[in-house]
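One-letter residues, chain by chain:
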Amino acid sequence: MPEKKEITVEENVLDANRRLALANLDTLNRKHIRSLDILGSIGSGKTSIVKQCIRRLKKDYRIAAIAGDLTTTIDADRIKEEGAPVLQINTGGQCHLDAAVIGKTLKSLNLDDLDLILIENVGNLICPGSFPLGTHDRMVVVSVTEGPYMVVKHPYIFMDASVLAINKMDLAEIMGVDMNRLKSEALQIKPDIKVVFTNAKTGEGIENLIDALNLKPPRHA
Ligand code: MG
Ligand code: ZN
């Protein structure tokens with residue numbers, strides 16, 4: 001019996017989050033702001049990818065970034081170097097962002113001055129998947145340094161993702177990781193996921209990523 005009760009509580013939490021996520025999406029749509037939730041382990045390269053994207057997109061979009069982290073401001077400080085406003089959310093113990101905290105953050109931004117919001121979720125591949133934030137797209141970043149089983153071991157995170165960046169492509173051979181195999185495993189989980197190989201350090205593949213995210217401004221088309 002107690003177990004059953006626990007499951008009900010969890011469903012209520014997830015339902016409540018889903019409702020708040022829809023409200024966030026509605027807010028973003030009314031303000032004509034595109035939004036992206038970026039998921040991946042610590043060290044997969046989420047922050048580097050955000051930086052590379054801002055560098056290429058800031059002339060065409062008014063961008064803000066939101067960085068979720070347990071306690072540090074390392075990511076926000078790095079993103080700030082690209083000249084976009086960054087809001088750091090320290091979740092305390094919580095290992096994921098949720099729609100409520102994003103809703104509050106949206107209220108603190110001047111939404112009339114923005115076209116694009118990039119949200120770097122807490123570095124974790126398990127529960128962020130269960131907490132949609134109300135963004136238009138979700139991107140998962142997987143690094144080849146995480147080994148050959150990263151995709152098959154975390155199927156749920158890919159189900160709502162539209163793009164997968166397989167990062168640190170320059171290290172694939174050293175790591176003995178077959179990137180095409182990771183790609184086909186992701187496609188088995190989510191047949192319409194767009195998979196891009198990247199090296200966020202050098203910027204290789206970032207233009208393809210921007211394409212995959214449909215963020216290429218029309219004049220560059
Ligand atoms: Mg980061
Ligand atoms: Zn969590």
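See the structure printed just above.
Below you will find a few notes about this structure. (Residues numbered from 1 in each chain as written. Chains lettered and ligands numbered in written order. Predicted model: local features only at pLDDT ≥ 70, side-chain atom pairs only at ≥ 80, totals over all residues. Heavy atoms only, no water.)

1. Focus: helix α4 (residues 99-108)
What sets the pattern is the α-helix's 3.6 residues per turn: residues three or four places apart point alike. Residues of α4 that are buried: A99, I102, G103, T105 and L106. Down the axis of α4, the smallest arc covering the buried residues is 165 degrees, so these residues share one side. Facing away from the buried side of α4 by more than 90 degrees, the exposed set consists of K104, K107 and S108. For α4, the capping residue at the N-terminal end is D98, with a side-chain oxygen 3.2 Å from the backbone nitrogen of A100. (Buried < 20%, exposed > 50% of the residue type's maximum accessible area, 1.4 Å probe, protein only. Helix = DSSP H or I, 4+ residues; strand = E, 2+ residues; numbered from the N terminus. Arc of directions from axis to C-beta. Polar contact = N/O pair within 3.5 Å; in protein donor to acceptor, adjacent residues only side chain to side chain.)

2. Remarks on the coordination of the zinc ion (ligand 2)
Within the first shell, the zinc ion (ligand 2) binds the protein through C95 (SG), H96 (ND1) and C127 (SG), at distances of 1.9 to 2.2 Å. Every donor residue of the zinc ion (ligand 2) comes from the same chain, spaced as C-H-x30-C. Judged by relative accessible area, which is 9%, H96 ranks as buried. (Donors = N, O, S within 2.8 Å, 3.2 Å for Na, K, Ca; no water.)

3. A short note on the sheet that holds strand β3 (residues 86-90)
Strand order in the open sheet formed by seven strands is β3-β2-β4-β1-β5-β6-β7, and the pairing between neighbours is parallel. Unpaired on one side and paired on the other, β3 and β7 (194-197) mark the two borders of the sheet. Direction aside, the axes of adjacent strands within the sheet are offset by 20 degrees on average. Pairing of strand β2 (residues 63-69) with strand β4 (residues 116-120) involves five bridges; the strand directions are parallel. Following the sheet pairing, I66 is matched in β4 by I119. (Pairing = 2+ DSSP bridges. Axes fitted to C-alpha atoms, helices over the stretch in contact; angles between N-to-C directions.)

4. Some details on the nonpolar core
One finds I49, I54, L57, L118, M139 and L209 to be the most contacted residues of the largest nonpolar core, which totals 29 residues. Sorting the residues of this core by element identifies β1 (34-40), α2 (46-57), β2, α3 (74-80), β4, β5 (137-143), β6 (163-167) and α9 (206-212) as the ones contributing at least two each. Ranked by the residues each element gives to this core, the list is headed by α2, at five residues. Ranked by size, the runner-up nonpolar core spans 19 residues in total, among them L39, V142, A161 and L182. (Core = buried A, V, L, I, M, F, W, Y, C linked by side-chain atoms within 4.5 Å.)

5. Things to note about the pattern of salt bridges
Overall, the coordinates contain 16 salt bridges when judged by the stated rule. In this structure, the salt-bridge partner of E81 is K51, at a minimum N-O distance of 2.7 Å. One end of the pair, E81, is in the loop between α3 and β3; the other, K51, is in helix α2, and 30 residues separate them in sequence. By relative accessible area, K51 is classed as buried at 9%. Here R55 ties to E82 by a salt bridge, and the two come within 2.8 Å at their closest N and O atoms. Taken together, the positions of R55 in helix α2 and E82 in the loop between α3 and β3 put the pair 27 residues apart, joining distant regions of the chain. One continuous salt-bridge network, built from bridges that share partners, spans K51, R55, E81 and E82. (Salt bridge = Lys/Arg side-chain N within 4 Å of Asp/Glu carboxyl O.)

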